[in-house]
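This is what each chain is made of:
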Amino acid sequence: MTQVVRYECRDGIGVITVDYPPVNALGAAVRSGLLAALEQGLQDADARALVVTGDGRTFPAGADIREFGKPPVEPFLPDVINAYESAGKLTVAAIHGTALGGGMEVALGCDYRVALDSAKVGLPEVKLGLLPGAGGTQRLPRLIGADAALPIIAEGNPVPAAKAKALGLVDEVVSGDLVAGAVAFARKLVESNAPQRPLREQAVKLDNPNLFAEYEKSIARKQRGFLSPFRCIEAVRAATELPFDEGMKRERALFMELMQSSESRAQRHVFFAEREVAKVPGIAKDTPRRDINTVAVIGAGTMGGGIAMNFANAGIPVRLLEVKQDALDRGLAVIRRNYENTARKGRLTQDDVEKRMSLIQPTLSYDDLGSVDLVIEAVFETMDIKKAVFKELDRVCKPGAILATNTSTLDVNEIAAITSRPQDVMGMHFFSPANVMKLLENVRGEKTADDVVATVMDLSKRIGKVGVCVGVCHGFVGNRMLHKRQHEAIALVEEGASPEQVDKVIYDFGLPMGPFAMSDLAGLDVGYRIREELRKAGDPEAQALSWVDKLAAKGRYGQKTGAGVFRYEEGDRTPRPDPEVAELIAEHRREKGITPREVTDQEILERCLYVMVNEGAKILEEGIAARPLDVDVVWIYGYGFPVYRGGPMFWADHVGVKTIYDKVVEFQKRLGDSNWKPAPLLKQLAEAGKGFYAG
Ligand code: 3HC
Ligand code: NAI
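The present account deals with the structure reproduced in this document. Worth saying up front: this structure is predicted, and the values here are computed from it rather than measured.

So, how was this worked out
- Residues numbered from 1 in each chain as written.
- Chains lettered and ligands numbered in written order.
- Predicted model: local features only at pLDDT ≥ 70, side-chain atom pairs only at ≥ 80, totals over all residues.
- Heavy atoms only, no water.
- Helix = DSSP H or I, 4+ residues; strand = E, 2+ residues; numbered from the N terminus.
- Rg over C-alpha atoms; globule rule 2.2 N^0.38 Å.
- Buried < 20%, exposed > 50% of the residue type's maximum accessible area, 1.4 Å probe, protein only.
- Contact = heavy atoms within 4.5 Å.
- Areas by Shrake-Rupley, 256 points an atom, 1.4 Å probe, with all protein chains shown as cover.
- Lys, Arg positive; Asp, Glu negative; His and termini not counted.
- Charge placed at Lys NZ, Arg CZ, Asp CG, Glu CD.
- Near = heavy atom within 4 Å.
- Polar contact = N/O pair within 3.5 Å; in protein donor to acceptor, adjacent residues only side chain to side chain.
- Nonpolar A, V, L, I, M, F, W, Y, C, P; charged D, E, K, R; others polar.
- Axes fitted to C-alpha atoms, helices over the stretch in contact; angles between N-to-C directions.
- Parallel < 35°, antiparallel > 145°, perpendicular 65-115°, else oblique.
- Phe/Tyr/Trp six-rings, centres within 6.5 Å; stacked < 30°, edge-to-face > 60°.
- Arc of directions from axis to C-beta.
- Pairing = 2+ DSSP bridges.
- Core = buried A, V, L, I, M, F, W, Y, C linked by side-chain atoms within 4.5 Å.
- Salt bridge = Lys/Arg side-chain N within 4 Å of Asp/Glu carboxyl O.

This brings us to the overall build of the chain. Counting its regular elements, the chain contains 29 helices and 17 strands. Computed over its C-alpha atoms, the radius of gyration of the chain comes to 29 Å, within 12% of the 26 Å expected for a compact globule of 695 residues. On the principal axes, the C-alpha backbone points of the chain span a range of 90 × 60 × 50 Å. By residue count, 54% of the 695 residues in the chain fall in the buried class. Taking contacts inside the chain between residues at least 6 apart in sequence as the whole, the part at least 24 apart equals 73%. Approximately 30300 Å² of the chain is accessible, and the part contributed by carbon and sulfur atoms is 52%. For the chain, the separation between the mean place of its 88 positive charges and that of its 95 negative charges on side chains is 1 Å.

In the neighbourhood of ligand 2, 23 residues make up the surrounding shell, with M303, E322, E381, K386 and S408 lying closest. S408 has a polar side-chain atom sitting 2.8 Å from an oxygen atom of ligand 2. If you tally residues by element for the shell around ligand 2, the top one is helix α15 (residues 383-396), at 3 residues. For the shell around ligand 2, a count of residues per class yields 12 nonpolar, 8 polar and 3 charged.

Two numbers describe how helix α9 (residues 228-241) lies on helix α10 (residues 244-260): the axes approach to 9 Å, and their chain directions differ by 170°. If you check the angle between α9 and α10, you find them roughly antiparallel. Along the contact surface, α9 presents S228, R231, E234, A235 and A238, while α10 presents R250, L254, E257 and L258. Class assignment for the residues of the contact of α9 with α10 results in 4 nonpolar, 1 polar and 4 charged.

Every buried residue belonging to helix α20 (residues 515-522) is among P515, F516, A517, S519 and D520, and all of these are buried. In this structure, the buried side of α20 is in contact with α18 (478-495), α19 (499-509), α21 (524-536) and α22 (547-553). Positive backbone phi, approximately 105°, marks G523, located one or two places after α20.

We now examine the site of ligand 1. Taken together, 25 residues sit near ligand 1, with R57, E105, E125, R275 and K279 positioned nearest. A distance of 3.1 Å separates an oxygen atom of ligand 1 from a polar atom in the side chain of R66. Measuring from an oxygen atom of ligand 1, one finds a backbone N or O atom of G133 at 3.0 Å. Protein burial of ligand 1: of its 990 Å² of free accessible surface, 77% is covered by the chains. Going through the elements one at a time, β5 (98-100), α3 (102-109) and α11 (262-276) are the ones with two or more residues in the shell around ligand 1. A per-element tally of the shell around ligand 1 places α11 first, with 3 residues. Residues of the shell around ligand 1, tallied by class, amount to 13 nonpolar, 5 polar and 7 charged.

What follows deals with the packing of aromatic side chains. With the rule as written, the count across this model stands at 12 aromatic pairs. Each ring, one from F431 and one from Y639, has its centre 5.7 Å from the other, and the planes form 85°; the classification is edge-to-face. Pair noted here: F431 is in the loop between β15 (425-430) and β16 (439-444) and Y639 is in helix α25 (residues 628-639), with a separation of 208 residues, a long-range link. For the pair F431 and Y639, a shared accessibility class is recorded, and that class is buried. Plain terms: the ring middles of W635 and F641 are 6.5 Å apart, the flat faces sit at 90° to each other, and that makes the pair edge-to-face.

What follows concerns α19. Along α19, the positions that sit buried rather than exposed are P499, V502, D503, V505, I506 and F509. Looking straight down α19, one finds its buried side chains confined to an arc of 160°; they lie on one side. Buried-residue contacts for α19 involve α18, α20, α22, α23 (579-592), α24 (601-621) and α26 (648-655). Directly beyond the C-terminal end of α19, a positive phi value near 130° is found at G510.

This brings us to the packing of α26 against helix α27 (residues 657-671). Packing of α26 against α27 brings their axes to within 6 Å, and their N-to-C directions diverge by 95°. In terms of their interaxial angle, α26 and α27 are classed as roughly perpendicular. Across the interface between the two elements, A652, D653 and V655 of α26 pack against V657, T659 and I660 of α27. Looking at side-chain class alone, the contact of α26 with α27 contains 4 nonpolar, 1 polar and 1 charged residues.

Another aspect to go through is the sheet that holds strand β1 (residues 5-10). Spatially, 6 strands are ordered β1-β2-β3-β4-β6-β9 in an open sheet, and the strand pairing comes out mixed. At either end of the open sheet lies a strand with only one pairing partner, and these are β1 and β9 (172-174). The average angle at which neighbouring strand axes cross in this sheet is 25°, direction not considered. With 4 bridges joining them, strand β4 (residues 90-95) and strand β6 (residues 112-116) adopt parallel strand pairing. Bridge pairing in β6 places V92 opposite Y112.

Moving on, we come to the nonpolar core. Judged by nonpolar contacts, the single largest core of 85 residues is most densely connected at I16, L34, V51, I95 and L140. Ranked by residue count, the leading element in this core is helix α7 (residues 178-191), at 8 residues. Residues contacting L140, with those up to four places away along its chain left out, are L108, L123, G145, A149, I152, I153 and L169. Counting residues in each nonpolar core, the second largest holds 77 residues, with F431, L439, Y568 and V664 among its members.

Here T448 lies in the loop between β16 and α17 (450-462). Separated by 25 residues in sequence, T448 and Q423 have C-alpha atoms that sit 4.1 Å apart. Filtering out sequence-adjacent residues up to four positions away, T448 remains in contact with P422, Q423, V425, M426 and V453. Engagement of the side chain of T448 in a polar contact is seen with the backbone oxygen of V425, the distance being 2.9 Å. At 2.7 Å, the side chain of T448 and the backbone nitrogen of G445 are in polar contact.

On to the pattern of salt bridges, then. As enumerated under the stated definition, the model contains 56 salt bridges in all. Residue E687 pairs with K683 through a salt bridge whose shortest N-O separation is 3.5 Å. Note that E687 and K683 are positioned in helix α29 (residues 680-687) at a spacing of 4 residues, about one turn of the helix. Residue classification places K683 among the partly exposed residues on the basis of a relative accessible area of 37%.

Spatially, the 3 strands line up as an open sheet ordered β5-β7-β8, and their pairing is mixed. The sheet is open, and its two borders are formed by β5 and β8 (159-160), each paired with just one other strand. Each of β5 and β7 (120-122) touches α3; the most contacted strand, β5, lies at about 85° to it.

Right under this line is the structure:
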């Protein structure tokens, strides 16, 4: 076995180096290595102080998350840190990269901390549904005061070196050779007879006596449904109220409670899923990528403008093409307004606004697109128009350019087939607003080449998106499942629920808004117009108007008209129940001969969510999504599915696939096949007593 922690003596200072790629996580081998190296350093008569550092890209970035949920292996991290804190020699942490979680706690166990100017430190455990469990909640408040420590622990955001220095979290910031800097710092300490500074012996400073109550109130809405931020508050409060050892016991108890919680399990699942999703099954890691240095976007409407901004934000020049000058001017004006708004909020300088605008080069001519590496089409959602655009692209684009469509419903294979190079065509389905939403469904057509998929997946990350590779079908993964849920939500109201009851159940489950608030935001007219076309064309399924279409037919399009399923007051996005809508729904029920019944919250939850799980299973079976984690990531980043539930498929395992399947069968009997035909995969897993993940 290679040595994961090594020891050497440099200029009279012992240097302990963790070498455990990729992020020097504090797994069992590293923990015992740290103890052994400490022992060696203490026994080394030449070493007058000890420096602890990480090799490669970072100081330890935390406990090894892969060990969580497995039987604990000694030595435990808190004991290792105690050993450093009570060592008979001065200890200095030398930090580069990201000293996070358990890594930061190791640094807090040292007497002093030196950081490279580019380093970041932090306690992000809360984002995994945990709290710092190796003394972080007790030592950090002793170092920088409870008021400054609380947000660092309860929000988990990394602190850059300069700010850490200002807070007293690190003692010295160096540039260049970190270890040399830390060794020099340690020598100075020794020469000046600097004392050891075990944090356990310090008192905790608390400036604001109402800190905890005020802070809890301030995060209540944003952290709704999460458990760990509130436990973090308790742990820091313990630091201010209890002696160190008692505080450590409290921290441990809270940590263990969180470790067992379904919230943390889900959040840890999301951590790995978010990384796993980038690795597309069947596409080799070493697949060559195509260079993407310049991009073109076709259509400067709602989506095209937002898409162009993503590239400008990443410093990639974009050609923005429209058919008419006025549409181009309008599109550019919207982009500029968006940037100016961000600048007004202080999140962008005026200089940056101009730089980004200059990266977006307008054009009316396809002949300007000959040299671009990638084109994303975002014109009207009409097959004939898309085909005409792709014919032009096929004519002007250089060989090897990637041709992508932002279509949300059309067949990517059909679009690809109009070109002479279907291997270069794929879907890049952005979500609105495209410059904000993190999800990008990358749609792989039947003929899309592997290197095109690999390139687009990499590019997603480069422009700050979470890319998920999906296959071709109506609505892809996200909207296909959403559509099923919407159908149920509408039916539930028809049967007797109110729109506000349905929305409240989904909101309370943890989504940012209910199905009807969401349709009011997107606009009821969009779906209505599509169904109107189908009705006119004589589609038998589209003949009967739903109560939502009846609202749209009255010009109630949602937020943009001040009224939809809910009503809105001027300048306020709060959905308010509207008696006019209640009357329209009552009339609709009378017309259909429906006697409204009491619908329970439980039924709303089951029908709105189980229908999605069942559709998710079909999506998996058809290979539209390769793994359950792809579906989960789509719903977390595209629709705000609560992270502490892990995504619809992870949540399904938590509920029990068998429980869901039994209900699906019951709903099928009562409500028919169209929405409730059980997915064979769901049946198979239920009968085998398995889950989507738990094999
Ligand atoms: N344990 C195990 N594996 C980890 C890990 C950890 N703490 N942190 C990162 N990794 C793995 C990732 O899964 C990934 O593996 P892969 O290549 O097989 O997919 C690899 O390391 C590289 O990670 P990233 O792709 O995320 O690399 P980046 O350079 O983008 O980011 C990072 C590096 C900022 C360190 C980021 O990985 C990160 O935020 N990691 C988690 C840090 C964290 O949450 N630490 C706290 C852990 S809990 C704890 O310490 C409890 C303690 O209080 C007792
Ligand atoms: P939009 O109507 O706001 O913008 C379309 C733009 O394309 C208009 O500016 C129009 O002038 C331009 N255009 C039309 N034909 C053109 C052509 N032949 N050449 C160049 N430009 C042309 O529409 P929106 O909402 O931006 O939608 C664009 C695409 O994005 C559609 O395929 C839509 O399905 C998809 N989409 C829309 C989402 C949304 O929420 N609006 C979400 C995800 C995808």
